[in-house]
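Structural characterization, general
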Amino acid sequence: MSGVFRPELLAGRVALVTGGGTGIGRGVAETLASLGADVAIASRKPAHLEPAADALRRHGTRVIAVETNVREPESARRAVERVTAELGRLDLLVNNAAGNFYAPTATLSPNAWRAVVETDLYGTFFCSQAAYPALRASGAGRVISISMTLHYRGWPQMAHATAAKAGVDALTRTLALEWAPDGIRVNAIAPGPIPTEGVKQAFTPPDAAAPDVFGMESYARRTIPGGRWGTPEDIGQMVAYLASPAGDWITGQIFVVDGGAWLAGGRE
Ligand code: NAP
């Protein structure tokens, strides 16, 4: 997708994107860097972070890779400290890191439940809280969390993720009100289906005979009114809009970016 924003839209701004080494997070980081922002990408695995950081540097802005586990509050705090120490400030936090897999609720282990809820919901909370002082100092801070739409109706075998993302939506509304006086705008984006490597693994149904729908463009044409799967750039463009001065009077909202997929309910 060619950018629709002016190239220097986010010059002078500093963004931290959790899970920024892969999939949607990488696409968001790419959009932000292409618009002039300095970008930190944070996740657990250097193998995800380093190649992405190298690729992002071609935009000419400063890019750092920060090894972080969002499930650990200390790790989130250290990540923000590194960003402000090395990039001088923090204006935008994108809470994108998440984990997911199909699992029947009857046999979902406590550890599996904890792993997803701690990554998606606790991680969003820990990173937001760690970023708060720097976002307040920014004067135009932004938190944008990546949610989902599956909890609007319910999604069998995704109790952990749907519960966690419902929590992310609630947290978004509460932080929006609580931090508005500090000039911080807090919103979420709920993407529709975007065939990243992560989602292809998570949504491989337990039934081996089930079709690989992500490999089927015709399936997307039939079931998504927008006529195609989403791309990480679709989400990046929405993040850019909310991060820009155009987002100054927008807070506490959850933006569904899905080509109408949720509304259509997968009907063919
Ligand atoms: P993905 O590539 O698997 O992204 C997940 C990222 O989170 C990875 O970069 C991973 O990096 C990071 N991560 C996982 N656990 C972490 C932890 N404890 N600490 C720090 N980082 C951690 O999948 P994706 O499809 O791009 O998903 C990105 C976001 O979009 C998620 O919030 C997901 O729920 C949401 N979403 C996706 C879709 C879709 O269709 N793709 C639809 C709706 C919502 P490491 O392994 O290096 O830690």
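Everything that follows concerns the structure shown earlier in this document.
Along each chain, numbering runs from 1 in the same order as the chain's sequence is written. Whole-chain, interface and lining totals are the exception, using all residues; otherwise, since this is a predicted model, local features are given only for residues with pLDDT of at least 70 and side-chain atom pairs are given and counted only at 80 or more. With hydrogens and water stripped out, all remaining heavy atoms of the structure feed into the side-chain values.

**Some remarks on the overall build of the protein**
- Helix and strand assignments follow DSSP, with helices taken as H or I runs no shorter than four residues and strands as E runs no shorter than two, numbered in order from the N terminus. In terms of regular secondary structure, the protein is built from 10 helices and seven strands.
- Computed over the C-alpha atoms, the radius of gyration of the protein is 18 Å, within 12% of the 18 Å expected from 2.2 N^0.38 for a compact globule of 268 residues.
- For the protein, the C-alpha atoms occupy an extent of roughly 50 × 40 × 35 Å along the three principal directions.
- The long-range share in the protein, meaning contacts at least 24 apart out of those at least 6 apart in sequence, stands at 75%.
- Method for areas: the Shrake-Rupley scheme with a 1.4 Å probe, in which residue coverage is limited to the protein chains shown. In the structure as shown, the protein presents an accessible area of about 12,300 Å², 56% of it carried by carbon and sulfur atoms.
- Charged residues are defined narrowly, with Lys and Arg counted positive, Asp and Glu counted negative, and His plus the chain ends left uncounted. By convention, the charge on Lys lies at NZ, on Arg at CZ, on Asp at CG and on Glu at CD. Here the protein contributes 25 positively and 25 negatively charged side chains, and the mean placements of these two sets differ by 2 Å. Two things to know: the radius of gyration comes from C-alpha atoms, and the globule rule equals 2.2 Å times the number of residues to the power 0.38. Between two residues, a contact is recorded if the distance between any of their heavy atoms is within 4.5 Å.

**What about empty space enclosed by the protein?**
- Grid points spaced at 1 Å and placed over the protein atoms alone form the basis of the search, with a cavity being a set where a 1.4 Å probe fits but cannot get out and a pocket an open set showing protein on both sides within 12 Å along at least five of seven lines. Lining residues have an atom within 4 Å of a point. Grid points are joined across faces, edges and corners, and a volume is the space filled by probe spheres set on the points. Taken as a whole and assessed by the stated rule, the structure comprises one cavity of 30 Å³ or more.
- Approximately 60 Å³ is the volume found for the largest cavity.
- Around the largest cavity sit Leu10, Arg13, Val14, Ala15, Leu32, Ala37, Asp91, Leu92, Arg142 and Ala243, which together line it.
- Classes in brief: Ala, Val, Leu, Ile, Met, Phe, Trp, Tyr, Cys and Pro nonpolar; Asp, Glu, Lys and Arg charged; the others, Gly included, polar. Among the residues forming the lining of the largest cavity, the class breakdown is seven nonpolar, no polar and three charged.

**A word on the sheet that holds strand S4 (residues 92-95)**
- Criterion used throughout: strands pair if DSSP finds at least two bridges between them. Ordered by their spatial adjacency, seven strands build an open sheet running S3-S2-S1-S4-S5-S6-S7, and the pairing between neighbours is parallel. Bordering the open sheet on either side are strand S3 (63-67) and strand S7 (254-257), each of which pairs with just one other strand. Adjacent strand axes in the sheet meet at a mean angle of 20°, parallel and antiparallel pairs treated alike.
- Axis definition: a line fitted to C-alpha atoms, limited for helices to the stretch in contact. Angles are taken between N-to-C directions and run from 0 to 180 degrees. Strand contacts of helix H3 (residues 73-87): strand S1 (14-18), strand S2 (38-43) and S3, with the helix running at about 155° to S3, the strand carrying the most contacts.

**What about the side chain of Arg142?**
- With respect to the helices and strands, the residue Arg142 is situated in strand S5 (residues 142-146).
- Three labels apply to residues, based on accessible area from a 1.4 Å probe with only protein chains included: buried if under 20% of the type maximum, exposed if over 50%, partly exposed otherwise in between. By convention in these notes, a salt bridge is any Lys or Arg side-chain nitrogen within 4 Å of a carboxyl oxygen on Asp or Glu. Here Arg142 sits buried without a salt bridge, and the closest side chain of opposite charge, Asp248, lies 4.7 Å off (N-O distance).
- Counted as a polar contact is a pair of N or O atoms within 3.5 Å, where, for protein atoms, one must be capable of donating a hydrogen and the other of accepting one, and residues adjacent in sequence contribute only when both atoms are in side chains. A distance of 3.4 Å separates a polar atom in the side chain of Arg142 from the backbone oxygen of Ala140.

**Here's the deal with the pairing of S5**
- Counting buried residues along S5, five of its five residues qualify, which places the element largely inside the surrounding structure.
- Across the two faces of S5 the burial is the same, with Arg142, Ile144 and Ile146 and Val143 and Ser145 all buried.
- Bridge count between S4 and S5: four bridges; the pairing is parallel. When the bridges of S5 are listed, Asn95 appears paired with Ser145.
- Place the viewer so that the strands point away; then a crossover is right-handed whenever the path from the first strand over the helix to the second strand goes clockwise. For the crossover from S4 across helix H4 (residues 110-138) to S5, the handedness is right-handed.
- Where S5 lies against strand S6 (residues 185-191), five bridges are found, and the strand directions are parallel.

**Brief notes about the site of the ligand**
- Residues in close proximity to the ligand total 27 residues, the closest being Thr22, Ser43, Arg44, His48 and Thr196.
- Ser43 is positioned with one of its side-chain polar atoms (N or O) 2.7 Å from an oxygen atom of the ligand.
- Within the complex, 90% of the 880 Å² of free accessible area of the ligand lies under protein.
- Elements with a minimum of two residues in the shell around the ligand: helix H1 (23-34) and helix H7 (197-202). Note on terminology: near, applied to a residue and a molecule or strand, indicates that one of the residue's heavy atoms is within 4 Å of it.

**Quick look at the side chain of Thr31**
- Relative to the helices and strands, Thr31 resides in helix H1.
- Once residues within four sequence positions are removed from consideration, Thr31 is found in contact with Gly236, Gln237 and Ala240.

**Some points on H4**
- Working rule for helices: expected span equals 1.5 Å times residues minus one. The end-to-end C-alpha distance of H4 is 39 Å, a good match for the 42 Å that 29 residues give at a rise of 1.5 Å each.
- To obtain the bend at a residue, axes are fitted to the seven residues ending there and to the seven starting there, and the angle between these axes is taken. Along H4, the sharpest change in direction is near 50° and occurs at Tyr132; proline Pro133 comes one to four residues later.
- Looking one or two residues beyond H4, the residue adopting positive phi is Gly139, at roughly 85°.

**Some thoughts on the pattern of salt bridges**
- Tallied over the full model, the rule gives 11 salt bridges.
- Put simply, Glu30 and Arg58 hold a salt bridge, and the shortest N to O gap is 2.8 Å. Highlighted residues: Glu30 in helix H1 and Arg58 in the loop between helix H2 (46-56) and S3, separated in sequence by 28 residues.
- By relative accessible area, which is 17% here, Glu30 ends up buried.
- A salt bridge links Arg77 to Glu81, with the nearest nitrogen and oxygen atoms 2.4 Å apart. Pair noted here: Arg77 and Glu81 are both in helix H3, with a separation of four residues, about one helical turn.
- You can call Glu81 partly exposed: its relative accessible area is 42%.
- Each of Arg13, Arg89 and Asp91 takes part in a single network of salt bridges with overlapping partners.

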